[in-house]
Amino acid sequence: ANQTDDHSAEPPSAKTITIFRDPNRKTRPVSRVCWHPDSSYRIAAVHCDLSFEAMNINPSFEDNVIDSYIWDITNPNRPYYTIKPVSPITCIA
């Protein structure tokens, strides 16, 4: 009547479908990814180099890009929207 399939013996797997690349030259990690609340086709990706405290030592703009992005998952070639905060952000809701 109420049968549940046991998948515990199957090895875990993952498949890469799309890659979203940070358009900035400096490589930065993504600290948070979340779905856009109004659209199932958009995700927000927060890029934050966690050593941002060092920005006071080296205030060069090129070294301290703090932009993050909202991506349309149907177009991974460029961000749908650029988030331009006044200071580094590490999460988004």
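Quick note: structure is the one above.
Because the structure is predicted, anything quoted here is derived from the model rather than measured.

### Things to note about the overall build of the chain
A count of helices and strands for the chain gives zero helices and four strands. Mapped in sequence order, the helices and strands of the chain form the string β-β-β-β. Counting over 93 residues, the chain shows a buried share of 22%. Expressed as a percentage of contacts within the chain between residues at least 6 apart in sequence, the contacts between residues at least 24 apart total 50%. When the accessible surface of the chain is summed, it comes to about 7,600 Å², and 52% of that surface belongs to carbon and sulfur atoms.

### Here we look at the packing of aromatic side chains
Summed over all chains, the structure comprises two aromatic pairs. Site record: aromatic cluster; members linked through ring pairs are Phe20, Tyr69 and Trp71. A cation over a ring is seen here: Arg42 above Tyr80, with NZ or CZ 3.7 Å from the ring centre.

### Focus on the sheet that holds strand S3 (residues 68-72)
Strand order in this open sheet of four strands is S1-S2-S3-S4, and the pairing throughout is antiparallel. In the strand order of this sheet, the two ends are held by strand S1 (30-35) and strand S4 (81-83), each with one partner. For this sheet, the mean angle separating the axes of adjacent strands, direction not counted, is 20°. When S1 meets strand S2 (residues 42-47), the two strands line up antiparallel, connected through five bridges. Within S2, the position partnered with Val30 by the bridge is His47.

### Remarks on the environment of Val30
With respect to the helices, strands and loops of the structure, Val30 is situated in strand S1. Judged by its relative accessible area of 42%, Val30 is partly exposed. In this structure, the C-alpha to C-alpha distance between Val30 and Ser68, residues 38 residues apart in sequence, is 9.0 Å. Those residues in contact with Val30 that lie beyond four places of it in its chain are Ala45, Val46 and His47.

### Some thoughts on the side chain of Asp72
With respect to the helices, strands and loops of the structure, Asp72 is situated in strand S3. A polar contact of 2.6 Å, which involves the side chain of Asp72, links it to the side chain of Thr74. Apart from the residues lying within four places of it in its own chain, the contact partners of Asp72 are Phe20, Tyr41, Arg42 and Tyr80.

### Description of the pattern of salt bridges
All told, the structure shown has two salt bridges when counted by the stated rule. In this structure, the salt-bridge partner of Asp22 is Arg28, at a minimum N-O distance of 2.8 Å. Considered together, Asp22 and Arg28 belong to a single accessibility category, that of buried residues. For the salt bridge of Asp67 with Lys84, the shortest nitrogen-to-oxygen distance reads 3.1 Å. Taken together, the residues span a long stretch of sequence, with Asp67 in the loop between S2 and S3 and Lys84 in the segment after S4 at a distance of 17 residues. Note on Asp67: relative accessible area 15%, which makes it buried. Exposure remark for Lys84: the relative accessible area of 61% places this residue in the exposed category.

Rules of the game
Residues numbered from 1 in each chain as written. Predicted model: local features only at pLDDT ≥ 70, side-chain atom pairs only at ≥ 80, totals over all residues. Heavy atoms only, no water. Helix = DSSP H or I, 4+ residues; strand = E, 2+ residues; numbered from the N terminus. Buried < 20%, exposed > 50% of the residue type's maximum accessible area, 1.4 Å probe, protein only. Contact = heavy atoms within 4.5 Å. Areas by Shrake-Rupley, 256 points an atom, 1.4 Å probe, with all protein chains shown as cover. Phe/Tyr/Trp six-rings, centres within 6.5 Å; stacked < 30°, edge-to-face > 60°. Lys NZ or Arg CZ within 6 Å of the ring centre and 35° of its normal. Pairing = 2+ DSSP bridges. Axes fitted to C-alpha atoms, helices over the stretch in contact; angles between N-to-C directions. Polar contact = N/O pair within 3.5 Å; in protein donor to acceptor, adjacent residues only side chain to side chain. Salt bridge = Lys/Arg side-chain N within 4 Å of Asp/Glu carboxyl O.

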